[in-house]
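# Tertiary structure, described
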Amino acid sequence: MAFDRIAVLGGGSWGTALAQAAARAGRSVTLWARDGAAAERIAATRESPKLKGIRLDTGVAVTTSLAEAARADAILLAVPAQASRGVCENLSAHLSTQIPVIACAKGIERGTRKFMTEVIADVLPKAIPAILSGPGFAGDVARGLPTAVTLAAPDEHLASNLARALGSATFRPYHSTDIRGVEIGGAAKNVLAIAAGIVSGRGLGASAAAALTTRGFAELVRFGRACGAQAETLMGLSGLGDLILTCSSVQSRNFTFGMNVGMGYAPDAIQNSTGLAEGYYTASVLVEMAKEREVEMPIAAAVAEVLSGRVSVDGAIDALLTRPFRAEG
């Protein structure tokens, strides 16, 4: 099947960037925004307020109609993880044929403890759930700077066709069938990026940052294996690659959130003012799921404790630094 018509649900920075990437690949693109005023502004100015200075491709149509967006050959779901179920519920009445719905948020739903493709499967029986994730900042993708990601679908032929439909010289999706592995990498790295930001905000130095990222990756791998993820996926773009990116740059919302926590600002106050750090919602769920599987994730657990207010930043750091010495692994 040819995927000539692509819909992107979500008028934020990531949705706009993916719309740009799809248009650059030669697709006819519809960008859906929930907020009518925002959609009108984007359509009139051809610029997203979330990506100032980047002109929207002429091949991108902007709409507030889910019925119009649903007429696509494939849909990119680029709304925040905790909002995905609601958007899918509103979309369900407009899907008349079975088409791929590709989750582009990196998180786990609170309450249900479900990954994004599971949410899609719950709400959209006619959808073929898929996932796109990897080391890419919205601004880089929108500007056409070289970016590589992973796109996973249940069937290799479908995954390959979707990757070709969205891919271009500067946006390169590598295809996979390891949906769960791709989702775990994206969700877990957000929590670990908060930890890396705390290290930076506390001024603990480059050596501590390197140790944190490396040991955090060990946690991600342990959890991934317990959930049946493939080692190649965890070592790839959506695992190690995304972790390296988000644990080392202030362009990462989760890293910046962690920096502010490390500098002494209250987590709830930071999130209430920005609402942009997916790891804020994922941390406690990730830790609960790890405990159920008897997977040790001390760094993720420390982040969850700090975000809940049960432990101070300094208390969490002390607890990690005084853990018993052990073999690496």
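Residues numbered from 1 in each chain as written. Predicted model: local features only at pLDDT ≥ 70, side-chain atom pairs only at ≥ 80, totals over all residues. Heavy atoms only, no water.

Quick look at the overall build of the chain now. Scanning the chain for helices and strands turns up 16 helices and 10 strands. Computed over C-alpha atoms, the radius of gyration of the chain comes to 19 Å, within 12% of the 20 Å expected from 2.2 N^0.38 for 329 residues, which places it in the range of a compact globule. For the chain, the spread of C-alpha atoms along the principal axes amounts to about 55 × 40 × 35 Å. Taken across its 329 residues, the chain has 55% of its residues classed as buried. Just so you have it, the chain exposes about 13900 Å², and 53% of that area is on carbon and sulfur atoms. Between the averaged position of the 31 positive side-chain charges in the chain and that of its 29 negative side-chain charges there is a distance of 3 Å. (Helix = DSSP H or I, 4+ residues; strand = E, 2+ residues; numbered from the N terminus. Rg over C-alpha atoms; globule rule 2.2 N^0.38 Å. Buried < 20%, exposed > 50% of the residue type's maximum accessible area, 1.4 Å probe, protein only. Areas by Shrake-Rupley, 256 points an atom, 1.4 Å probe, with all protein chains shown as cover. Lys, Arg positive; Asp, Glu negative; His and termini not counted. Charge placed at Lys NZ, Arg CZ, Asp CG, Glu CD.)

The strand order across the open sheet built from eight strands is 3-2-1-4-5-8-9-10, with neighbouring strands paired in mixed fashion. Every other strand in the sheet has two partners, leaving strand 3 (60–63) and strand 10 (171–176) as the edge strands with one partner each. For this sheet the average axis-to-axis angle between neighbouring strands, irrespective of direction, equals 25°. Its contacts with the sheet place helix 5 (residues 116–123) against strand 4 (74–77), strand 5 (99–103) and strand 8 (127–133), and it is angled at close to 160° to strand 8. (Pairing = 2+ DSSP bridges. Axes fitted to C-alpha atoms, helices over the stretch in contact; angles between N-to-C directions. Contact = heavy atoms within 4.5 Å.)

This structure, assessed with the given rule, holds two aromatic pairs. Pairing Phe-257 with Tyr-280 gives two aromatic rings, centres 5.8 Å apart and planes at 70°, and the pair type is edge-to-face. Taken together, the residues Phe-257 in helix 12 (residues 253–262) and Tyr-280 in helix 14 (residues 278–292) connect sequence positions 23 residues apart. With a relative accessible area of 3%, Phe-257 lands in the buried category. An angle of 90° between the planes, with centres 5.1 Å apart, marks the rings of Tyr-280 and Tyr-281 as edge-to-face. (Phe/Tyr/Trp six-rings, centres within 6.5 Å; stacked < 30°, edge-to-face > 60°.)

Turning our attention to helix 8 (residues 179–201). Note on helix geometry: an α-helix contains 3.6 residues per turn, so any two residues three or four positions apart are oriented the same way. End to end, helix 8 covers 34 Å across 23 residues, agreeing with the expected 33 Å (1.5 Å per residue, within 8%). Of all the 23 residues making up helix 8, 21 are buried; the element is thus mostly covered by neighbouring parts of the structure. (Expected span 1.5 Å × (residues − 1).)

All right, on to the pattern of salt bridges then. Inspection of the entire model under this criterion finds 15 salt bridges. With a shortest N-O distance of 2.8 Å, Arg-85 and Glu-109 are connected by a salt bridge. One end of the pair, Arg-85, is in helix 4 (residues 84–91); the other, Glu-109, is in strand 6 (residues 108–109), with 24 residues separating them in the sequence. Residues Arg-85 and Glu-109 agree in their burial class; the two are buried. Glu-292 is paired through a salt bridge with Arg-113; the nearest N and O atoms lie 2.0 Å apart. Of this pair, Glu-292 sits in helix 14 while Arg-113 is found in the loop between strand 6 and strand 7 (114–115), placing the two residues 179 residues apart along the sequence. Note on Glu-292: relative accessible area 53%, which makes it exposed. Taking relative accessible area as the criterion, Arg-113 reaches 29% and is therefore assigned partly exposed. (Salt bridge = Lys/Arg side-chain N within 4 Å of Asp/Glu carboxyl O.)

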